Amino acid sequence: MRYLYLAMKLRKITDWIDDALNVKAFSDVSNNGLQIARVGDEVTKIAFGVDASVRTVQAAAAAGAQLLVVHHGISWGGGIQRLTGAMFNVVKAAMDANLALYAVHLPLDANHQYGNNYELARYLKLKNLKPAFVYHGETIGCIGTLPNGKKVGVCSGGAGCFAADAKDLGCDLYITGEADWGETIAAENVGMKMICAGHYQTETFGVKALAKGLKKALKVETEFLPR
C-alpha cells in the first residue's frame, strides 16, 4: 500500500500513542511519554527503536526523523539526576539533531494490539491468548496454546523471574528474553522448560507493530531502526 505522508504536530502523535497504549493507566518504573522535546513541533518522519542509545539517536537523525519512539527511554523512577557520562551523550546527540524522544515501557509490553508479548505470541502462532504475569502491579505477558494443545507462556525482555509462575499456570513451555542464573536454576527446579530468546530480540515486536499502526492511522512516515 502506498501512503501520501503528511506533516504532523508532535502533540498529535504523542496523544495518539498515549491513547493507543492507554499509557496513563499504567504505574511504571519508566517515565513514559515525551522525555526530550525539540525546537518546533512539526514532524514528517518518526523513527522507532528498542533503546534510547547514542547509536539509535544518531541513526534516527541520519534517517531524517524528527521524533524517536523507543521502549527503553532515558528517564526512570525519580527521573534524571545528573546529565553526565552516558546520559549526557544521549541527550547531547538528541539535542544536536533537534530530535524529540518518546519512551513507553510497560504499556508497550502489555498492549493486546501492539504489545511486545501479544505480537510475539502471534508470531509463534499461539491461539486463545490470555493475560498473565504481573510486574510492578501490571499484567504484561500472556499465555496461549499451540496447535497441539501445549500451553506456552510469553513475557519479553528480562522476565526469567516468571518461569515458576508459568509452571503454576500449567504452561508446558515459557518464553522470555533473558534470565539470570538464579532464575534459570529456579525454572529448572520446578521443571519449567524455558527459552531465552534475547532481551533485545523479543522487544522488537512491539515497536515494529506500533510503527505500522501509527503510520496507518496518521499517514506519517515511520521507520524501524534495527540495532
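Residues numbered from 1 in each chain as written. Predicted model: local features only at pLDDT ≥ 70, side-chain atom pairs only at ≥ 80, totals over all residues. Heavy atoms only, no water.

Packing of helix H1 (residues 10-20) against helix H9 (residues 204-218) leaves a shortest axis separation of 11 Å and a crossing angle of 120°. Here H1 lies oblique to H9, going by the angle between them. Judged by the twist between their axes, the crossing of H1 over H9 is right-handed. For the pair H1 and H9, contact is made by Lys12, Ile13, Trp16 and Ile17 and by Leu210, Gly213, Leu214, Ala217 and Leu218, respectively. Grouping the constituent residues of the contact of H1 with H9 by class yields 7 nonpolar, 1 polar and 1 charged. (Axes fitted to C-alpha atoms, helices over the stretch in contact; angles between N-to-C directions. Helix = DSSP H or I, 4+ residues; strand = E, 2+ residues; numbered from the N terminus. Parallel < 35°, antiparallel > 145°, perpendicular 65-115°, else oblique. Left-handed = near helix turned anticlockwise from the far one by under 90°. Contact = heavy atoms within 4.5 Å. Nonpolar A, V, L, I, M, F, W, Y, C, P; charged D, E, K, R; others polar.)

Attention shifts here to the environment of glutamine 113. Inspection of the secondary structure assignment puts glutamine 113 in the loop between helix H4 (106-110) and helix H5 (116-123). Sequence separation between glutamine 113 and proline 131 is 18 residues; the distance between their C-alpha atoms is 13 Å. Setting aside chain neighbours within four positions, we find glutamine 113 in contact with Glu119 and Arg122.

Relative to the helices and strands, phenylalanine 26 is located in the loop between H1 and strand S2 (33-36). A sequence separation of 66 residues divides phenylalanine 26 from lysine 92, and the C-alpha atoms of the two residues are 29 Å apart. Not counting residues within four places of it along the chain, the set of residues in contact with phenylalanine 26 comprises Leu21, Leu106, Pro107, Ala110 and Glu138.

Turning our attention to the side chain of serine 75. As for its placement among the helices and strands, serine 75 is situated in the loop between strand S5 (67-72) and helix H3 (85-96). Polar contacts involving the side chain of serine 75 include one to the side chain of asparagine 31, which spans 2.7 Å. (Polar contact = N/O pair within 3.5 Å; in protein donor to acceptor, adjacent residues only side chain to side chain.)

This part is about the packing of H5 against H9. Packing of H5 against H9 brings their axes to within 7 Å, and their N-to-C directions diverge by 95°. The angle between H5 and H9 places the two elements in the roughly perpendicular class. Touching Asn116, Glu119, Leu120 and Tyr123 of H5 are Thr204, Phe205, Gly206, Val207 and Ala209, all from H9. Of the residues that constitute the contact of H5 with H9, the class distribution is 5 nonpolar, 3 polar and 1 charged.

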